Amino acid sequence: QVQLVESGGGLVQTGGSLRLACAASGFTFSGYAMRWYRQAPGKERELVASIASAGGSTIYTDSVKGRFTISRDNAKNTVYLQMNSLKPEDTAVYYCNAHWIYRNYWGQGTQVTVSS
């Protein structure tokens, strides 16, 4: 059974930091690109960051470049999102996604709230 379980969300003040983690099981984690998406109330889900299966290539949406870092530990089947200098506009539910060609798996999401 495929599972993606996010953790690390919470309430933080502007300028603070959080580290999200996504623990994967039930599939060959090292073969999948891993992504973090987020969805704010009333908005579409957007891709925040992506990391290739081997971990060498990363992509970020412009609004988080220089503040967020995606990483993965294939030995632990876990992907991380380090979020620094958080802003109120980063408030959203953050979702972990595993992607390989036509396969997509999703976590249940974790809430991140940044207070001003």
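Above this text you will find the structure in question.
Overview of the structure. (Residues numbered from 1 in each chain as written. Predicted model: local features only at pLDDT ≥ 70, side-chain atom pairs only at ≥ 80, totals over all residues. Heavy atoms only, no water.)

Okay, the environment of Ala54 next. Locating Ala54 in the fold gives a position in the loop between strand 5 (46-51) and strand 6 (58-60). Overall, the relative accessible area of 73% leaves Ala54 in the exposed class. (Helix = DSSP H or I, 4+ residues; strand = E, 2+ residues; numbered from the N terminus. Buried < 20%, exposed > 50% of the residue type's maximum accessible area, 1.4 Å probe, protein only.)

On to the state of the cysteines. Summed over all chains, the structure comprises one disulfide. Paired through a disulfide, Cys22 and Cys96 show a sulfur-sulfur distance of 2.2 Å. Judged by the sign of its S-S torsion, about -80 degrees, the bond between Cys22 and Cys96 is left-handed. Here Cys22 is found in strand 3 (residues 18-25), whereas its partner Cys96 is found in strand 9 (residues 92-100), with 74 residues between them in sequence. For the pair formed by Cys22 and Cys96, the shared burial category is buried. (Disulfide = S-S within 2.5 Å.)

Quick look at the packing of aromatic side chains now. Given two aromatic rings, their pairing is described by the distance between the two centres and the angle made by the two planes. Summed over the entire model, instances satisfying the criterion amount to seven aromatic pairs. With 5.2 Å between their ring centres and 50 degrees between their planes, Phe27 and Tyr105 make a pair best called tilted. A residue pair is termed long-range when its members are at least 10 positions apart, and Phe27 in the loop between strand 3 and strand 4 (33-39) and Tyr105 in strand 10 (residues 103-106) qualify at 78 residues. Residue Tyr105 is classed as partly exposed on the basis of its relative accessible area, which comes to 21%. With centroids separated by 4.9 Å and ring planes inclined at 55 degrees, the aromatic side chains of Tyr37 and Trp106 adopt a geometry described as tilted. One end of the pair, Tyr37, is in strand 4; the other, Trp106, is in strand 10, with 69 residues separating them in the sequence. (Phe/Tyr/Trp six-rings, centres within 6.5 Å; stacked < 30°, edge-to-face > 60°.)

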